[in-house]
Amino acid sequence: MTPHMLTRSLDRSATIFLAVVAACGILIPLSNLLLPAGSFLQVPTYLVALWGKYVCYAILALSIDLIWGYCGILSLGHGAFFALGGYAMGMYLMRQIGTRGVYGNPVLPDFMVFLNWEKLPWYWYGFDMFWFAALMVLVVPGLLAFCFGWLAFRSRVTGVYLSIITQAMTYALLLAFFRNDFGFGGNNGLTDFKDILGFNVQAEGTRAALFALSCLALIVGFLICRAIVSSKLGKVLIAVRDAESRTRFLGYRVESYKLFVFTVSACMAGVAGALYVPQVGIINPSEFAPGNSIEAVIWVAVGGRGTLVGAALGAVVVNYAKTFFTSGVLAPYWLFMLGALFILVTLLLPKGIVGTFNAWWDSSKEKRTAATSVSAAAEDGVTEPKMAE
């Protein structure tokens, strides 16, 4: 990915989006740390953590838009990759607790001591090292996506059937992680984190650093997606989305393209989950719930499928609305409101917020260009020919 490729792939909306994210990633932590508490411009620590969660959701939405908006793969199980990345980071954070746990065991997490585990399971080895956990954040979701995609795409499973089996995959993982004997904390999951890389995970400085790191990950993820969709590979992905059979008849190995972008998307979702866990403070099997994956698809649809910027914007807007409406008398009706929002956007704004705005902007630009051409021709004394009577 060369700098020239990145520059060429950015348009005005992408540049504005990156500038806004970069500004938030710098100004919000500085406001939280440098300004006195109670100041009008000071951002409280709880809002830093809340917005950090929104940024992680935006990265997840980007990963879904990459495969759905540009390749036509509607995954209803991307929450599984998000949760696996979160569990990988959660395992590292649990290993950092050591003797500060309730039972004071230097090796076993508290839930294993409570369940009378005698030794650490083999798949927990290495998670006391940050570099290993960071590697697993990418490897575990990526490997699962590669194996799942190789079987599904090789069998030419597409459309609603692919969506159903992705939903079945995340539901199977949900049931597995609920089991106490699976070694991941069962229903309670992983929580009570103390520090990350030696820093107190609850400290204001750590929260601010995690928010800034999340914004940086969003920028990097956006640049990767833009580089992919603006390249020749992206043109093939769009061809697969619009006419898969015709693309295959032209000699392209459609399965390979779909497998590559599906794996990249899963790795991005894993990174989002890894950044989400230390800011929220817990990871449990409910993150595997199929409803979470469906809700993430709604974010993309609301913001604008196939725009990238719209996916991130939709994630922030919908989750802010969720935070606002679930804290009052409307809390029991939030799911009905979310469903109504999806229906209204599908009927009234089928291209989403950003997609509709882009279409309106392009149309108005064409009209302005046509008007300018007509006025220039009139100034030069050129008039349209009149029909003979």
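Residues numbered from 1 in each chain as written. Predicted model: local features only at pLDDT ≥ 70, side-chain atom pairs only at ≥ 80, totals over all residues. Heavy atoms only, no water.

Trainee: In this structure, what is going on with a nonpolar patch on the surface? I would like to understand it.
Mentor: Together, Leu313, Val317, Phe342, Ile343, Leu344, Leu347, Leu348, Leu349 and Ile353 give the surface a local cluster of nonpolar side chains, amounting to about 800 Å² of exposed area. Where the nonpolar patch is concerned, the elements lending two or more residues are α13 (309-325) and α14 (334-348). Among the elements that take part in the nonpolar patch, α14 stands out by supplying five residues, more than any other. Tracing the backbone shows leucine 348 in helix α14. (Patch = residues over 30% accessible without salt bridge, like charges linked within 9 Å, V, L, I, M, F, W, Y side chains within 5 Å. Areas by Shrake-Rupley, 256 points an atom, 1.4 Å probe, with all protein chains shown as cover. Salt bridge = Lys/Arg side-chain N within 4 Å of Asp/Glu carboxyl O. Helix = DSSP H or I, 4+ residues; strand = E, 2+ residues; numbered from the N terminus.)

Trainee: Teacher, can you tell me more about the packing of aromatic side chains here?
Mentor: What characterises a pair of aromatic rings is the spacing of the ring centres plus the angle enclosed by the ring planes. By the definition in use, this model includes 25 aromatic pairs. Ring centres 5.6 Å apart and planes at 35 degrees place the aromatic pair tyrosine 57 and tyrosine 276 in the tilted group. One end of the pair, tyrosine 57, is in helix α3 (residues 45-71); the other, tyrosine 276, is in helix α11 (residues 254-280), with 219 residues separating them in the sequence. For tyrosine 276, a relative accessible area of 6% translates into the label buried. Ring geometry for tyrosine 252 versus tyrosine 257: centroids 6.1 Å apart, planes at 70 degrees, classification edge-to-face. Here tyrosine 257 falls in the partly exposed class, since its relative accessible area comes to 24%. Through pairs of rings, three or more aromatic residues link up here, namely Tyr87, Phe111, Trp122, Tyr123, Trp124, Phe177, Phe182, Phe184 and Phe288. (Phe/Tyr/Trp six-rings, centres within 6.5 Å; stacked < 30°, edge-to-face > 60°. Buried < 20%, exposed > 50% of the residue type's maximum accessible area, 1.4 Å probe, protein only.)

Trainee: Sorry, what's going on with helix α2 (residues 12-34) here?
Mentor: Each α-helix winds once per 3.6 residues, and so residues spaced three or four apart point in a common direction. The end-to-end C-alpha distance of α2 is 32 Å, a good match for the 33 Å that 23 residues give at a rise of 1.5 Å each. Those residues of α2 that fall on the buried side of the exposure criterion are Ala14, Phe17, Leu18, Val21, Gly25, Ile28, Pro29, Ser31 and Asn32. Looking at the buried side of α2, the elements it contacts are α3, α8 (204-230) and α13. (Expected span 1.5 Å × (residues − 1). Contact = heavy atoms within 4.5 Å.)

Trainee: For this particular structure, what's the right way to read the packing of helix α4 (residues 78-95) against helix α7 (residues 159-178)?
Mentor: Helix packing for two helices is described by the angle between their axes and how far apart those axes are. Across the interface, α4 lies against α7 with an axial gap of 10 Å and an inter-helix angle of 35 degrees. Across the interface between the two elements, Ala80, Phe81, Leu84 and Tyr87 of α4 pack against Met169, Thr170, Leu173 and Phe177 of α7. Across the contact of α4 with α7, the residue classes break down as seven nonpolar, one polar and no charged. (Axes fitted to C-alpha atoms, helices over the stretch in contact; angles between N-to-C directions. Nonpolar A, V, L, I, M, F, W, Y, C, P; charged D, E, K, R; others polar.)

Trainee: Quick question: what am I supposed to make of the packing of α2 against α8 here?
Mentor: At a closest axis distance of 8 Å, the pairing of α2 and α8 adopts a crossing angle of 175 degrees. Judged by the inter-axis angle, α2 sits roughly antiparallel to α8. Packed against α2, whose contacting residues are Ala14, Phe17, Leu18, Val21, Ala22, Cys24, Gly25, Ile28, Pro29, Asn32 and Leu33, the element α8 presents Glu204, Gly205, Ala208, Phe211, Ala212, Cys215, Leu218, Ile219, Phe222, Leu223 and Arg226 at the interface. (Parallel < 35°, antiparallel > 145°, perpendicular 65-115°, else oblique.)

Trainee: Teacher, can you tell me more about the side chain of asparagine 319 here?
Mentor: Within the secondary structure, asparagine 319 is located in helix α13. From its side chain, asparagine 319 meets the backbone oxygen of alanine 315 in a polar contact 2.7 Å long. Apart from residues lying up to four places away in sequence, asparagine 319 is in contact with Tyr54, Tyr57, Glu295 and Trp299. (Polar contact = N/O pair within 3.5 Å; in protein donor to acceptor, adjacent residues only side chain to side chain.)

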